[in-house]
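Chains, contacts and geometry: an overview
Residue strings, one per chain:
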Amino acid sequence: MDDFRIPIGDWVADGLNWFKATFDGFLEAVTTIIKFLVEGLADGLTSVPFAALIVVFALIGWVLRSWQLAVGTVITMLLIVGMGQWENAMLTLALVLIAALIAVVVAIPLGIAAARSDAFSAILKPVLDFMQTMPAFVYLIPAVIFFSIGFVPGVFATVLFSVAPGVRFTELGIRGVDAETVEAGYAFGAAPGKILRGIQLPLAMPTIMAGINQVIMLALSMAVVAGMAGANGLGKEVVAAISTLNIAQGVEAGLSVVILAVFLDRVTAALGNPGDFKHSLLGGLRRRRDARRTGALAKAA
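Fair warning: this is a prediction, and the values are worked out from it, not measured in the lab. (Residues numbered from 1 in each chain as written. Predicted model: local features only at pLDDT ≥ 70, side-chain atom pairs only at ≥ 80, totals over all residues. Heavy atoms only, no water.)

**Side note on the overall build of the protein chain**
Regarding its fold elements, the protein chain presents 14 helices and zero strands. For the protein chain, the α and β elements follow one another from N to C terminus as α-α-α-α-α-α-α-α-α-α-α-α-α-α. Within the protein chain, buried positions represent 40% of all 301 residues. Within the protein chain, counting contacts between residues at least 6 apart in sequence, those at least 24 apart form 75% of the total. (Helix = DSSP H or I, 4+ residues; strand = E, 2+ residues; numbered from the N terminus. Buried < 20%, exposed > 50% of the residue type's maximum accessible area, 1.4 Å probe, protein only. Contact = heavy atoms within 4.5 Å.)

Here you go:
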């Protein structure tokens, strides 16, 4: 029994080496595209004066959620500046946004396909279970093998780790749409694609946005792992703090990650349920519009 061993790890290693050798040109193209996107966004964020970006972030918080979030955003972002982590925070934000965008682009079509096909959903579920339960650090192995070090392996590992909730929530949202509403669409002669765009996706949007929220949160949780793959930003700061036992550096970088996470969480939650936030600028404009409409109807009556 001591001699019995199934070399699954060796088979996977051979498969990864074969994939890299066979699709080296494709991997080079992916590396170039992702590097261009992340570095371009990072350069754009870091080239803008921090005061202007903080104002933009505060306006986003006020428009979508509340003036309280806008004030909190100004205070916490100034705290990042005061800790000397602003540039690292913007590098991490660029990585997270590009990784989340790629994950969403992959997750929503897969979720739609799973919602429409029970067979595809049954095949996809164990794959998603595997992706969600595999330790995050394991994703660095194929990431570094395929893309060397830098932003690109960080994005690759982040996408693999964070895509599963987007798929699950999209499927859940579409399956949760009232069947009678869908049947009414078919009764009026609507095509399946039109029902998807006009009925299912709009009604499922709060659930889909909750999935996107989880994708972004998981992407931020991978910041440290991305730093181990050589990606510049807050993750690299945390890794450096761990290797040197620098408590101050670790606390400041970790707190900056928390601030980014809270801001992105509140904003994406507001996008999923805009009507729930009456203190937002959009909510105020909506109330004024409804009041004018009510007054016009009363005057007409």
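**A few points about the side chain of threonine 31**
Considering the arrangement of structural elements, one finds threonine 31 in helix 2 (residues 24-47). We classify threonine 31 as buried; its relative accessible area is 18%. Threonine 31 has contacts with Phe147 and Val152, leaving out every residue within four places of it along the chain.

**Topic: the packing of helix 2 against helix 5 (residues 86-116)**
Taken N-terminus to C-terminus, the directions of helix 2 and helix 5 make an angle of 140 degrees; their axes are 9 Å apart at the nearest point. With respect to helix 5, the axis of helix 2 lies oblique. Relative to helix 5, helix 2 is oriented so that their crossing is right-handed. Judged by residue contacts, Ile34, Leu37, Val38, Leu41, Ala42, Leu45 and Thr46 of helix 2 engage Glu87, Met90, Leu91, Leu93, Ala94, Leu95, Leu97, Ile98 and Ile102 from helix 5. When its residues are assigned to classes, the contact of helix 2 with helix 5 shows 14 nonpolar, one polar and one charged. (Axes fitted to C-alpha atoms, helices over the stretch in contact; angles between N-to-C directions. Parallel < 35°, antiparallel > 145°, perpendicular 65-115°, else oblique. Left-handed = near helix turned anticlockwise from the far one by under 90°. Nonpolar A, V, L, I, M, F, W, Y, C, P; charged D, E, K, R; others polar.)

**A look at the environment of isoleucine 259**
You can see isoleucine 259 is positioned in helix 13 (residues 247-272). Along the primary structure isoleucine 259 and leucine 79 are separated by 180 residues, whereas in three dimensions their C-alpha atoms are 9.2 Å apart. Apart from residues lying up to four places away in sequence, isoleucine 259 is in contact with Thr76, Leu79 and Ile80.

**Remarks on unusual backbone geometry**
With a phi close to 55 degrees, leucine 245 is a non-glycine residue in the positive phi region. Relative to the helices and strands, leucine 245 is located in the loop between helix 12 (234-244) and helix 13.

**With respect to the pattern of salt bridges**
Under the definition given, this model contains five salt bridges. Taking the shortest distance from any N to any O, the salt bridge between aspartate 118 and arginine 175 comes out at 2.9 Å. Of this pair, aspartate 118 sits in helix 6 (residues 118-133) while arginine 175 sits in helix 8 (residues 151-175); the two residues are 57 residues apart in sequence, bridging distant segments of the chain. When its relative accessible area of 56% is taken as the criterion, aspartate 118 is described as exposed. For arginine 175, a relative accessible area of 39% puts it in the partly exposed group. One salt bridge connects aspartate 129 with arginine 168, and the closest N-O pair in it is separated by 2.4 Å. With aspartate 129 in helix 6 and arginine 168 in helix 8, this pair connects stretches of sequence that are 39 residues apart. Ionic contacts of the salt-bridge type, sharing partners, join the residues Asp118, Glu171 and Arg175 into one network. (Salt bridge = Lys/Arg side-chain N within 4 Å of Asp/Glu carboxyl O.)

**Comments concerning helix 7 (residues 140-147)**
Buried within helix 7 are the following residues: Leu140, Pro142, Ala143, Phe146 and Phe147. Buried residues of helix 7, viewed axially, fall in a sector of 165 degrees; they line one side. Next to the buried residues of helix 7 lie helix 1 (8-22), helix 2, helix 8 and helix 11 (223-228). Of the residues trailing helix 7, serine 148 is marked for its positive phi of about 60 degrees. (Arc of directions from axis to C-beta.)

**Some thoughts on the packing of aromatic side chains**
Enumeration according to the criterion identifies four aromatic pairs in this entry. When the ring of phenylalanine 19 is compared with that of phenylalanine 146, the centres are 5.3 Å apart and the planes differ by 45 degrees; the resulting orientation is tilted. Here phenylalanine 19, found in helix 1, pairs with phenylalanine 146, found in helix 7; they are 127 residues apart in sequence, far enough to count as distant. Owing to a relative accessible area of 10%, phenylalanine 146 belongs among the buried residues under this scheme. Measuring from ring centre to ring centre gives 5.5 Å for phenylalanine 57 and phenylalanine 263, while their planes differ by 50 degrees; the resulting arrangement is tilted. Placement of the pair is phenylalanine 57 in helix 3 (residues 50-64) and phenylalanine 263 in helix 13, with a sequence separation of 206 residues. Residue phenylalanine 57 is classed as buried on the basis of its relative accessible area, which comes to 8%. In this structure phenylalanine 263 comes out as buried when scored by relative accessible area, which is 9%. Among the aromatic residues, those joined into a cluster by ring pairs are Phe19, Phe146 and Phe156. (Phe/Tyr/Trp six-rings, centres within 6.5 Å; stacked < 30°, edge-to-face > 60°.)

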